[in-house]
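Close look at the chain arrangement
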Amino acid sequence: MPRVLLIEDDRAVREAIGLALRHQGHEVAAAGTGEDGMNRLRSFRPDVVVLDLMLPGMTGLEVCREIRGVDQAMPIIMATARGDEVDIVVGLEAGADDYVVKPVQARVLEARIRAVLRRATAAQAADGIPRIETHGDLSVDRAGMSITRQGVPIALAPSELRLLLTLSASPGQVFSRQQLLETVWEHSYHGDARLVDACVKRLRSKMGEPAGRPRYVQTVRGFGYRFGPR
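Residues numbered from 1 in each chain as written. Predicted model: local features only at pLDDT ≥ 70, side-chain atom pairs only at ≥ 80, totals over all residues. Heavy atoms only, no water.

The next subject is the overall build of the chain. When helices and strands are counted, the chain shows eight helices and 12 strands. Relative to the 2.2 N^0.38 estimate, which gives 17 Å for 230 residues, the radius of gyration of the chain is 18 Å and therefore close to what a compact globule would have. In terms of overall dimensions, the chain has C-alpha extents of about 50 × 35 × 30 Å along its principal axes. Per-residue burial for the chain yields a buried fraction of 48% across its 230 residues. Look at the contacts in the chain between residues 6 or more apart in sequence, and 56% of them connect residues 24 or more apart. Per element, the accessible surface of the chain, about 10,800 Å² overall, is 51% carbon and sulfur. Positive and negative side-chain charges of the chain, numbering 31 and 29 respectively, have mean locations separated by a distance of 4 Å. (Helix = DSSP H or I, 4+ residues; strand = E, 2+ residues; numbered from the N terminus. Rg over C-alpha atoms; globule rule 2.2 N^0.38 Å. Buried < 20%, exposed > 50% of the residue type's maximum accessible area, 1.4 Å probe, protein only. Contact = heavy atoms within 4.5 Å. Areas by Shrake-Rupley, 256 points an atom, 1.4 Å probe, with all protein chains shown as cover. Lys, Arg positive; Asp, Glu negative; His and termini not counted. Charge placed at Lys NZ, Arg CZ, Asp CG, Glu CD.)

Written out as structure tokens, the structure reads:
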């Protein structure tokens, strides 16, 4: 089973979540501070990080940004106590792949862990689909799970990669936020549309898309997003 690094400052919450994850068969390492979490990250080598947003000292946002600075592929699930829209969006834009609101329900967290890991190890390309697709100056290697622009690799987090692969598989097709939630994040709750918007914002930034006029991931107002070089 996957190795989970849990970074949570509340000891009771940390122990309860750790126990629930171990009952699901996970190997769990726990840390009470962001600094300790970063040390455990290097020694434990987890498959996924569950990260509390409100940490003393080094905050959850700082931990998320530091992880993303060295590892774009590490799945990160952010936990927030308030469920506040601003906190969630800021966390997602810092690089988190998904979020849960505390008090965390074990079955919800387990489902989110499974989902982010599926995105991190997305299936190989289906038969009949070329290994490498070219869209303008963007190359999509579905089998190799890599993206380059003008020959330069673009380092993407799991959700960003899955989103781009989903959109680019059907150029010109408009996907609603709900469709993308169900396909990329495997959620069905309409309130999580902010996941899509935050991920699109990060993806555009990493692809060097011009502000206000993206070439590849385009907004269709009132509907959602589509892919296609202008």
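Okay, the packing of aromatic side chains next. Under the defined criterion, the tally for this structure stands at one aromatic pair. Taken together, a centroid distance of 5.8 Å and an interplanar angle of 25° make the contact between Y216 and F227 stacked. Of this pair, Y216 sits in the loop between α8 (193-207) and β11 (217-220) while F227 is found in strand β12 (residues 224-227), placing the two residues 11 residues apart along the sequence. You'll find Y216 and F227 in the same group, each marked buried. (Phe/Tyr/Trp six-rings, centres within 6.5 Å; stacked < 30°, edge-to-face > 60°.)

The next subject is the pairing of strand β8 (residues 146-149). Alternating positions in β8 separate cleanly, I147 and R149 being buried on one face and S146 and T148 remaining unburied on the opposite face. Across four bridges, strand β7 (residues 138-141) lies against β8 in antiparallel orientation. Bridging across to β8, S139 finds its partner in T148. With antiparallel pairing between neighbouring strands as the criterion, β7 and β8 make up a hairpin whose turn holds four residues, including M145 at a positive phi of roughly 55°. Across two bridges, β8 lies against strand β9 (residues 152-153) in antiparallel orientation. The residue of β9 that forms the bridge with R149 is V152. The antiparallel hairpin formed by β8 and β9 contains two residues in its connecting segment, where Q150 sits at a positive phi of about 55°. (Pairing = 2+ DSSP bridges.)

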